[in-house]
Amino acid sequence: MVQYIRTRFDVSFAALSDATRRGVLEQLGRADASITELAERFHMTLTGMKKHVGVLEQAGLVTTEKVGRVRTCKLGLHRLEEEAAWIERYRQLWDARFDELDKVVEELKRKEKVDGRKKAE
Amino acid sequence: MKSRTTVERKSERELVVTRTFNGPARIVFEAWTTPKLLKRWWAPKSYGLSFLSCEADVRTGGTYRFVFGHAASEQPMVFFGRYIEVTPHSRVVWTNDEGGEGGAVTTVTFEERGDETLVVMHDLYPSKEALDAAIATGSTGGTGESFEQLDELLITLGESSGRS
């Protein structure tokens, strides 16, 4: 999962390295659009635009949905992926906290042992 | 090593975090409910977080207020709420009020098993929409950095490509 996030991050940067793709993201930030509309807006062939959208989709920056013959693009991750990524980040936070808590517990245990010995003396 | 912390979305409104600690329940409880000790683990260094203040009156009806600083942010993060139930060595229940009405109620239980203690932390959100919203906004109670950075980058790049 960590690997997944890291890879996704790299893929995202690759996706953002192209001016057209950044333009597409900006456009989709204003409104959802079909591939045809995007191709016209950026003076490209349908095939060319499909490729760019494919890269953005793989990076999880754009989702597409086909209704009838029109494929509509919008910003954002698929909901399930988004949830899985969020849950993993939440897990990592608590894992980091609990690693620290482990240390506190160990220390309290040691202290209790020492105090116990002192009392017994 | 396989991580020992698990997180699961148990239902539309619930998240459950579990972890086993090598020590008796009373010690884990003490570390969880003593502000001086809580301060040492609640803001993990590996996250660049630090406590600016940690006030916690850990008893039924008491309140807490945690203020964190983050290396990457000028704005401190504030978390606060009320302890609904504090039962020594076994159970603490609190509200998370910083987000308004959509905040979860958190129940943590300490269950002794031999020399170990199983900690189960249960977040119950008021509705499916509230938990979905927490996920959508990336709020994890103090994190979300890499995707926020990506968001910022997207905005910056969006602006610069708009100008060109």
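All residue numbers here refer to positions counted from 1 along the written sequence of the relevant chain. Starting at A for chains and at 1 for ligands, labels are handed out in the order in which the entities are written. In keeping with the predicted nature of the model, local features appear solely for residues at pLDDT of at least 70, side-chain atom pairs appear and are counted solely at 80 or more, and the whole-chain, interface and lining totals rest on all residues.

1. Overview of the overall build of chain B
- What counts as a helix is a DSSP run of H or I of at least four residues, what counts as a strand is a run of E of at least two, and both are numbered from the N terminus. Summing up its helical and strand segments, chain B has four helices and eight strands in all.
- Put simply, chain B runs from its N terminus to its C terminus through helices and strands in the order β-β-α-α-β-β-β-β-β-β-α-α.
- The proportion of buried residues among the 164 residues of chain B is 23%.
- Nonlocal contacts in chain B, meaning residues at least 24 apart in sequence, comprise 38% of its contacts between residues at least 6 apart. Around each residue's C-beta, the other C-beta atoms within 10 Å are counted; 20 or more make the residue buried, 12 or fewer make it exposed, and counts in between make it partly exposed. All C-beta atoms are placed from the backbone. Contact between two residues is assigned whenever their backbone-derived C-beta positions fall within 7 Å.

2. Considerations on the sheet that holds strand 2 (residues 62–67) of chain A
Residues and elements named next belong to chain A.
- Note on pairing: two strands pair once DSSP finds at least 2 bridges between them. Spatially, three strands are ordered 1-3-2 in an open sheet, and the strand pairing comes out antiparallel. Single-partner strands in this sheet number two, and they are strand 1 (33–34) and strand 2.
- As paired elements, strand 2 and strand 3 (residues 70–75) share six bridges and run antiparallel to each other. Directly across from Val62, in strand 3, lies its bridge partner Leu75.
- Axes here refer to lines fitted to C-alpha atoms; in helices the fit is confined to the stretch in contact. Angles between the N-to-C directions go from 0 to 180 degrees. The strands that helix 2 (residues 19–30) touches are strand 1, strand 2 and strand 3; relative to strand 3, the one it contacts most, it runs at about 90°.
- Packing against the sheet, helix 4 (residues 46–58) makes contact with strand 2 and strand 3, and its axis sits at approximately 120° to strand 2.

3. As for the pairing of strand 4 (residues 63–70) of chain B
Residue and element names in this part refer to chain B.
- Pairing analysis gives seven bridges linking strand 3 (residues 49–56) to strand 4, with the strands arranged antiparallel. Residue Ser53 lies in a different strand from strand 4, and its bridge partner there is Val67.
- What sits between strand 3 and strand 4 in their antiparallel hairpin is a turn of six residues, with Gly61 showing a positive phi close to 90°.

4. A few points about helix 2 of chain A
- For helix 2 of chain A, built from 12 residues, the straight-helix expectation of 16 Å at 1.5 Å per residue is met to within 8% by its first-to-last C-alpha distance of 17 Å.
- Residues of helix 2 of chain A that are buried include every one of Arg21, Arg22, Val24, Leu25, Gln27 and Leu28 of chain A, and no others. Helix span, expected: 1.5 Å multiplied by one less than the number of residues in the helix.

5. Some points on the nonpolar core
- Membership of the largest hydrophobic core comes to 37 residues, with the highest contact counts inside it found for Trp94, Leu101 and Val105 of chain A together with Val28, Ala31 and Trp32 of chain B.
- If you list the elements that add at least two residues to this core, you get helix 5 (79–120) of chain A together with strand 2 (14–21), helix 1 (25–33), helix 2 (35–41), strand 3, strand 4, strand 6 (91–95) and helix 3 (128–136) of chain B.
- With nine residues, helix 5 of chain A is the single largest residue contributor to this core.
- Membership of the second largest hydrophobic core comes to 14 residues, among which are Leu16, Leu25, Ile35 and Ala59 of chain A. Each nonpolar core reported here comprises buried Ala, Val, Leu, Ile, Met, Phe, Trp, Tyr and Cys residues connected via C-beta atoms within 7 Å.

6. Side note on the environment of Leu75 of chain A
Residues and elements named next belong to chain A.
- Here Leu75 is to be found in strand 3.
- Among the residues examined, Leu75 registers 17 C-beta atoms within 10 Å and is labelled partly exposed.
- Each C-alpha atom of the pair Leu75 and Val24 lies 9.6 Å from the other, and the pair is 51 residues apart in sequence.
- Those residues in contact with Leu75, other than ones at most four positions away along the chain, are Leu25, Leu28, Gly29 and Val62.

7. Focus: the packing of helix 2 of chain A against helix 4 of chain A
Residue and element names in this part refer to chain A.
- Packing of helix 2 against helix 4 brings their axes to within 10 Å, and their N-to-C directions diverge by 70°. As far as their axial angle goes, helix 4 and helix 2 are roughly perpendicular. Listed contacts from helix 4 to Thr20, Arg21, Val24 and Leu25 of helix 2 are His52, Val53, Val55 and Leu56.
- For the contact of helix 2 with helix 4, the per-class residue count stands at five nonpolar, two polar and one charged. An angle counts as roughly parallel when it lies under 35 degrees, as roughly antiparallel when it exceeds 145, as roughly perpendicular when it falls between 65 and 115, and as oblique in every other case. For this classification, the nonpolar set comprises Ala, Val, Leu, Ile, Met, Phe, Trp, Tyr, Cys and Pro, the charged set comprises Asp, Glu, Lys and Arg, and every other residue, Gly included, is treated as polar.

Just distances and angles here, no functional claims.
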